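A closer look at the structure
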Amino acid sequence: MSFDYDKYIRPGKLPHIWCPGCGHGIVMKGLIRAIDACGLKKEETAIVSGIGCASRLPGYMDCCTLHTAHGRAAAFATGVKMARPEMNVILVGGDGDGTAIGGNHFIHACRRNINMTYIILNNKIYGMTGGQFSPATPTGAKASTTPYGNPDPAFDIAKLAIGAGATFVARGTAFHANQIDKLITEAIQHKGFSVVEILDDCPTTYGRRNKFKSVVEMMNHLKDIAVPVKAAEKMSPEQLQGKVLTGVLHKEEKPEYTEQYAQVIERAQAAK
Amino acid sequence: MAKKVAFLQGNEAAAQGALYAGCKFFAGYPITPSTEVAEVMSVELPKVGGKFIQMEDEIGAMAALIGGSLAGSKALTSTSGPGLSLKQELIGYACIAEVPCVIVNVMRGGPSTGMPTGPSQSDIMSAKWGTHGDHPAICLVPASVQELYEETIRAFNLAEKYRTPVMIMPDEIVAHMRERIVFAEPGEIEVIDRTAPTVEPSKYKPYDTSFGDVPPLAAFGSGYKFHVTGLNKLPDGFPTTKAEYVQAEEERQVRKVEGNAADIMKWEEYLCDDADIIVVAFGSTSRSARFAVDEARKQGIKAGLFRLITFWPFPEARLLELSKKAKGFITPEMNLGMSHGVVKAAVEGNAPVLGIFRVDGEPINPGQIIDKMKEVK
């Protein structure tokens, strides 16, 4: 029997706003399969986003959904999780939303290790505003605000998350659709702040400016650059040139924030 | 049994008022001269099972505040001028998404870093116009430690009753002075909680105006699934650009405060009935003004004090009424004429309005006010 996505989609809210060829829908289906695999109850699950194409995702999900302001999803979500630690909290957003205007909230959510899962749909561009370069746009790439090529270096978002203290970090791509739900499932089941970066495509504002002739070409590019962590162990630095590691990149156990705060409450009440 | 009394700082009293009102969530960021509010909340909230979080910045604190409130907790933050500027983005979000929360903003000198330890009353326009777009504004301006305590309770009540952010803005003098305070007994002061929905979850719409201008608000995690956005929205919470909805929604959001101004406005009239000269003042300045009025009366000047306790909505109708008999108004304030303009507009030219403006970090003294009274012809 085929998977019943409708169970998790808000009635009457489709079609979505994403362009033909955009990978965001693939990621949303992966997220739905992960939520199902984890057995999360919809009314006990909050999906929180910022602003941008990816941040429109929660609106299609039949859960408690919070579409916040640009870059602020992690901070709003922290408030929800602190007030109600028993809720499942999942964040969704793009690369610009999460690592530029929301960069401060992102790194501090990683540092606190608060039990939430942040799915970053990295299409390397500000799509909704028409294709300006983001902190994930590669040096030299064309965007509407880098007409002569991007002078900025790009963030490695997964490394940023690891450096900031996230205790679970994984990376997948929109091409590897069947891996997405597995990565998100593991992220949700991990206790602590988990980050899943999904390399995505934006044919409308990135592809056409950067010599990708079609969506298929963009998807093939994702396929070509992705190297599973295990396979990479056997590859030389030369072979790994221009490649991107996929799979679970980092996993560790550290005290979780709401549990730490529960201890604060215990200590305060004992001292009363 | 004797009531509990204490010698308390203004900021500490604000925190105590929040706790009395049932606040269970605080998100903040350190900033002078408001930090004591956060410090007291960090001590007291865990004792009552509440949550305190110090966020990475002022914007994050405002975001977490809204998140905490949406998850069902009465929520407080505290800040001051530069922090208020940063919070404005999401104060607008709380307005349009209609999320109750309370912001204590201790007024210090500005603009920018200004005079962090100096008193000021220059954020009152920020309270109304600081965030972009049309939106409701409630701003309370207490003048004593006792009043800061009681008005913080009222701030929570108004936020919960009208599903909107409420700002309480003591000036630095009121926030840092120490005075005797009498705590309210449990049940002595009314505590209002937001109206929760009674419809079954599948029928719930977070902005269903068939319940009136203030629709019931469910909490995330309470069995209700719904959508919240900062976009203009339909009754079900989903975005819309349909002209008739957007216009009606914006008007309703403002109306729920302006249309209930009589419930929200609060002021004190001291010797105003026969006054020739009415001093309109608030916060610590109103304490100098009261002293000046008493002194002026001794000198044969028929002076009165109109003390604002709610600044927004502004009681313009009452001032207009008083202006029909008064010979003049005086607006002493620690800014360059913010309430002056509002009072002038309210009295519609019936009487002159003379301002005393100080932004040098010094309080306005009674002598300055008496001297100004003598300029009224």
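Residues numbered from 1 in each chain as written. Chains lettered and ligands numbered in written order. Predicted model: local features only at pLDDT ≥ 70, side-chain atom pairs only at ≥ 80, totals over all residues. Heavy atoms only, no water.

For chain A, the count of helices and strands is nine helices and 10 strands. Summarising its shape, the C-alpha atoms of chain A cover approximately 65 × 45 × 40 Å along the three principal directions. Scored against the burial criterion, the 272 residues of chain A give a buried share of 57%. Counting only contacts in chain A whose residues sit at least 6 apart along the sequence, the fraction spanning at least 24 positions is 68%. Summed over all atoms, the accessible surface of chain A reaches about 11400 Å², with 55% contributed by carbon and sulfur. Here chain A contributes 31 positively and 25 negatively charged side chains, and the mean placements of these two sets differ by 3 Å. (Helix = DSSP H or I, 4+ residues; strand = E, 2+ residues; numbered from the N terminus. Buried < 20%, exposed > 50% of the residue type's maximum accessible area, 1.4 Å probe, protein only. Contact = heavy atoms within 4.5 Å. Areas by Shrake-Rupley, 256 points an atom, 1.4 Å probe, with all protein chains shown as cover. Lys, Arg positive; Asp, Glu negative; His and termini not counted. Charge placed at Lys NZ, Arg CZ, Asp CG, Glu CD.)

Residue and element names in this part refer to chain B. Along its sequence, chain B is carved into domain 1 (1-264) and domain 2 (268-373). Just the C-alpha atoms count here: the centres of domain 1 and domain 2 sit 28 Å apart. Each partner contributes to the interface: domain 1 provides 30 residues, whereas domain 2 provides 23 residues. Here domain 1 packs against domain 2, burying approximately 2100 Å² in sum over the two surfaces, 63% of which is carbon and sulfur. Contact with domain 2 buries area across many residues of domain 1, yet Gln-121, Ile-124 and Val-141 alone supply 30% of it, more than any other trio. The interface formed by domain 1 and domain 2 includes two salt bridges. The salt bridge involving Arg-307 is made with Glu-147; its shortest N-O contact spans 2.7 Å. If you tally residues by element for the side of domain 1 that touches domain 2, the top one is helix H5 (residues 124-129), at four residues. Its residues assigned to classes, the side of domain 1 that touches domain 2 comprises 19 nonpolar, four polar and seven charged. (Domains from an automatic or database assignment. Buried area = accessible area lost by both parts, 1.4 Å probe. Salt bridge = Lys/Arg side-chain N within 4 Å of Asp/Glu carboxyl O. Nonpolar A, V, L, I, M, F, W, Y, C, P; charged D, E, K, R; others polar.)

We now examine helix H4 (residues 103-112) of chain A. The α-helix winds at 3.6 residues per turn, so residues separated by three or four positions along the chain end up facing the same way. All names here are of chain A. When you tally the buried positions in H4, you get seven out of 10 residues, the bulk of the element. By the burial criterion, the buried members of H4 are Gly-103, His-105, Phe-106, His-108, Ala-109, Cys-110 and Arg-112. Within two residues after H4, Asn-113 carries a phi angle of roughly 60°, on the positive side.

Looking now at unusual backbone geometry. For the peptide bond that leads from B:Thr32 to B:Pro33, omega is 0°, which places it in the cis range. Structurally, B:Pro33 is set in the loop between strand E2 (25-28) and helix H2 (35-44). Put simply, B:Gly110 and B:Pro111 share a cis peptide bond, and its omega is 0°. Looking at where B:Pro111 falls in the secondary structure, it is placed in the loop between strand E6 (108-109) and strand E7 (115-119). Despite not being glycine, A:Lys124 has its phi angle at roughly 65°, a positive value. Relative to the assigned elements, A:Lys124 resides in the loop between strand E4 (117-122) and strand E5 (125-126). By relative accessible area, A:Lys124 is classed as buried at 18%. The phi dihedral of B:Ser112 is positive, around 55°, even though this residue is not glycine.

We now examine the packing of aromatic side chains. Aromatic ring pairs are defined here through the distance separating the ring centres and the angle between the ring planes. Residues and elements named next belong to chain B. For the coordinates displayed, the defined rule picks out 16 aromatic pairs over all chains. Here a set of aromatic residues connected by ring pairs shows up, and it is made of Tyr-204, Phe-220, Tyr-224 and Phe-226. The cationic tip of Lys-128 hangs over the ring face of Trp-312; the distance from NZ or CZ to the ring centre is 5.1 Å. We note Arg-290 situated over the ring of Tyr-270; from NZ or CZ to the ring centre the distance is 4.3 Å. (Phe/Tyr/Trp six-rings, centres within 6.5 Å; stacked < 30°, edge-to-face > 60°. Lys NZ or Arg CZ within 6 Å of the ring centre and 35° of its normal.)

Take the packing of helix H3 (residues 58-70) of chain B against helix H4 (residues 81-97) of chain B next. Residue and element names in this part refer to chain B. The geometry of H3 relative to H4 is characterised by a closest axis approach of 8 Å and an angle of 30° between their N-to-C directions. On the basis of their axis angle, the class for H3 and H4 is roughly parallel. Our pair here, H3 against H4, has a crossing hand that is right-handed. Across from Glu-58, Ile-59, Ala-61, Met-62, Ala-63 and Ile-66 in H3, the residues of H4 making contact are Gly-83, Leu-86, Lys-87, Glu-89, Leu-90, Ile-91, Tyr-93 and Ala-94. Among the residues making up the contact of H3 with H4, the classes are represented as 10 nonpolar, one polar and three charged. (Axes fitted to C-alpha atoms, helices over the stretch in contact; angles between N-to-C directions. Parallel < 35°, antiparallel > 145°, perpendicular 65-115°, else oblique. Left-handed = near helix turned anticlockwise from the far one by under 90°.)

Quick look at the interface of chain A and chain B now. Contact with chain A, which involves 38 residues of that partner, is made by 42 residues of chain B. Contact with chain B buries area across many residues of chain A, yet A:His67, A:Phe76 and A:Arg84 alone supply 17% of it, more than any other trio. Of the charged contacts, one joins A:Asp62 and B:Lys225 as a salt bridge, the two residues approaching to 3.0 Å between their closest N and O atoms. Taken together, the links from chain A to chain B amount to 20 residue pairs in polar contact (both at pLDDT 80 or more). In terms of residue count, the dominant contributor to the side of chain A that touches chain B is helix H2 (residues 73-83) of chain A (seven residues). Of the residues that constitute the side of chain A that touches chain B, the class distribution is 17 nonpolar, 11 polar and 10 charged. Here strand E2 (residues 64-67) of chain A pairs with strand E11 (residues 227-229) of chain B via three bridges, running parallel. Residue pairing for E11(B): A:Leu66 is matched across the bridge by B:Val228. (Polar contact = N/O pair within 3.5 Å; in protein donor to acceptor, adjacent residues only side chain to side chain. Pairing = 2+ DSSP bridges.)

In terms of nonpolar packing, the biggest core is built from 135 residues, with A:Phe193, B:Leu76 and B:Phe329 touching the most fellow members. Ranked by residues supplied to this core, first place goes to helix H6 (residues 145-162) of chain B with nine residues. Built from parts of two domains, this core gets at least three residues from each of domain 1 (1-264) and domain 2 (268-373) of chain B. Leave out the neighbours within four places in its chain, and A:Phe193 touches A:Phe106, A:Ala109, A:Cys110, A:Asn113, A:Ile114, A:Asn115, A:Met116, A:Tyr118, A:Ala166, A:Thr167 and A:Phe168. Membership of the second largest hydrophobic core comes to 31 residues, among which are A:Met28, A:Ile32, A:Ala170 and A:Ala187. (Core = buried A, V, L, I, M, F, W, Y, C linked by side-chain atoms within 4.5 Å.)

Okay, the pattern of salt bridges next. Oppositely charged side chains are able to pair whenever their charged atoms sit close together. Under the counting rule described, the total for this entry stands at 40 salt bridges over all chains. Where A:Arg33 meets A:Asp181, a salt bridge forms, and the shortest distance between an N and an O atom there is 3.3 Å. Linking A:Arg33 in helix H1 (residues 24-38) with A:Asp181 in helix H6 (residues 177-189), this pair joins segments that are 148 residues apart in sequence. Across the pair, A:Asp181 and A:Arg33 agree in class, each one buried. One salt bridge connects B:Glu58 with B:Lys87, and the closest N-O pair in it is separated by 2.4 Å. With a gap of 29 residues between them, B:Glu58 in helix H3 and B:Lys87 in helix H4 connect regions that are remote in the sequence. Each of B:Glu98, B:Lys233, B:Glu249, B:Arg252 and B:Lys256 takes part in one network of salt bridges that share partners.

Turning our eyes to something else, we now look at the sheet that holds strand E13 (residues 277-282) of chain B. Residues and elements named next belong to chain B. An order of E12-E14-E13-E16-E17 is seen for the five strands of this open sheet, with the pairing classed as mixed. Of all the strands in the sheet, just strand E12 (267-270) and strand E17 (353-357) have a single pairing partner and so form its edges. Averaged over neighbouring strand pairs, the angle between their axes works out to 20° when direction is ignored. Here E13 runs beside strand E14 (residues 303-308); their pairing, made up of six bridges, is parallel. Bridged to Val-279 within E14 is Leu-305. Against the sheet, helix H13 (residues 366-373) engages E13, E14, strand E16 (328-333) and E17, with an angle of about 155° to E17.

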